[in-house]
Amino acid sequence: MTVDTQPQADERVHWLPMVAAISSISVVGIAIGLGMPLLSVILETRGHSASMIGLNTAVAGLASIAGAPLATPLAMRFGVAWTMIAMIAAGALAFIGFHFAPDFWMWFPLRVVLHIALTVLFILSEFWISTSAPPHRRGLVLGIYATVLSLGFAAGPWLFAHLGSSGFRPFGVIIALVTLAAIPVLAARNESPTIVSDGETSNFLRYIWLVPSATAAVLVFGAVETGGFALFPVYGNRIGYSEADAALLLTMIGLGNVLLQIPIGMISDRVRDRRYLLIACATVGLAGTIFMPFFAQNWHLMAALLFVWGGVVAAMYTIGLAHLGSQLSGHELASANAAFVLCYGVGMVLGPQAIGIGMDAFGPSGFGWSLGLFFAAYIALVSVRLIRKILL
């Protein structure tokens, strides 16, 4: 497959399609930022255990794994912009379905539809962004991309804190925002890239192993983001925070993401080997999980910790994507991007389940220790690869 794009010799950023692509990503951020804690609190109030909440959330990762290979064939058949609009509509309908689904089993197919739609939006938005920005400004563009996504994460818990989990209102707000986000995509539909087949049948799964430092980074990020956002309200409730205070702590994570993504993205453009920066981010993530239980009794200290922790950890996605782009190009980069998003889905499966089991087994402290295992494993993986590079 190939992505048929306009030549980028003019070295310009094409802002209309860029806004269209980033607006669709904002839908992902708001849906996760508001939807994850909202759905978890609803299940908690219905008496479901942390393990069952984690299991239902983990289905989102399976859906992402299933959805990643669908993005390119759908875009080839219907066009990038129209496929994105269809996924926005499908995600909105699935989300509103949670409000009307009375039985727990119904939430599983709804999670599948919602997260297949979000996954396709991720992949096609990144395709579109890659055709709208010149290579030498990759750090700036990815920083903007990640910042808008983080704004969605920050806005979601903030809205949740003000809207609560009762009634239809939080679901109605989601539908209104999603509808607004589709407008720029429609406006820029004539400038969307065309994905055509060139007869190649390369398997994008091989790119998981080709650049493991990048794909493992997004796997850890997917596990921490999904598991942490879904179960932090439960964790906060069990250590004595009110629903609103726990939601505001999630907002602090989102604010850290917003303020740190562009600076860290630009720093990554000036680092010769981005793997060192990835290890630094994972180390901050591990340190944050170790100190989390000690800061839990002071809301302000916890907020400051989560502000830094959230921003640095989120940069693992941005830097991982930039590292992937620096190692591959052309057709290979398009296939690697699908593998990258698939690994994010794998993290979404592992994270909520691991954290839910950890909390059921060890109480509230299991939340931080479960997160820490992911960071420690990543640091070990990348350190071994760097040591091998030095020795060879």
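The structure displayed is predicted, hence computed values, not measured ones.

Calculation criteria
- Residues numbered from 1 in each chain as written.
- Predicted model: local features only at pLDDT ≥ 70, side-chain atom pairs only at ≥ 80, totals over all residues.
- Heavy atoms only, no water.
- Phe/Tyr/Trp six-rings, centres within 6.5 Å; stacked < 30°, edge-to-face > 60°.
- Helix = DSSP H or I, 4+ residues; strand = E, 2+ residues; numbered from the N terminus.
- Salt bridge = Lys/Arg side-chain N within 4 Å of Asp/Glu carboxyl O.
- Buried < 20%, exposed > 50% of the residue type's maximum accessible area, 1.4 Å probe, protein only.
- Axes fitted to C-alpha atoms, helices over the stretch in contact; angles between N-to-C directions.
- Parallel < 35°, antiparallel > 145°, perpendicular 65-115°, else oblique.
- Nonpolar A, V, L, I, M, F, W, Y, C, P; charged D, E, K, R; others polar.

A.B. asks: Outline the packing of aromatic side chains, supporting the account with residue identities and numerical values.
C.D. replies: What characterises a pair of aromatic rings is the spacing of the ring centres plus the angle enclosed by the ring planes. Under the criterion given, the structure shown has 16 aromatic pairs. Taken together, a centroid distance of 6.1 Å and an interplanar angle of 35 degrees make the contact between Phe-221 and Tyr-344 tilted. Within this pair, whereas Phe-221 is found in helix α9 (residues 212-238), its partner Tyr-344 is found in helix α13 (residues 330-362), the two being separated by 123 residues in sequence. Seen in terms of ring centroids, Tyr-317 and Tyr-344 are 6.4 Å apart; in terms of plane orientation they differ by 85 degrees. Their pairing is edge-to-face.

A.B. asks: Talk me through the pattern of salt bridges; I want residue IDs and the actual numbers.
C.D. replies: For the structure shown, the criterion picks out two salt bridges. The partner of Arg-275 in a salt bridge is Asp-273, with the nearest N and O atoms 2.9 Å apart. The exposure class of Arg-275 is buried, given its relative accessible area of 11%. Residue classification places Asp-273 among the buried residues on the basis of a relative accessible area of 10%. The residue Asp-273 makes a salt bridge to Lys-389 at a minimum N-O spacing of 3.2 Å. Linking Asp-273 in the loop between α10 (243-268) and α11 (274-295) with Lys-389 in helix α14 (residues 365-391), this pair joins segments that are 116 residues apart in sequence. Each of Asp-273, Arg-275 and Lys-389 takes part in a single network of salt bridges with overlapping partners.

A.B. asks: Quick one: what's the story with the packing of helix α6 (residues 138-163) against α10, residue by residue and with numbers?
C.D. replies: Between α6 and α10, whose axes approach to 8 Å, the crossing angle comes to 170 degrees. Comparing the axis directions of α6 and α10 gives the class roughly antiparallel. Of the residues assigned to the contact of α6 with α10, the class counts are 16 nonpolar, nine polar and one charged.

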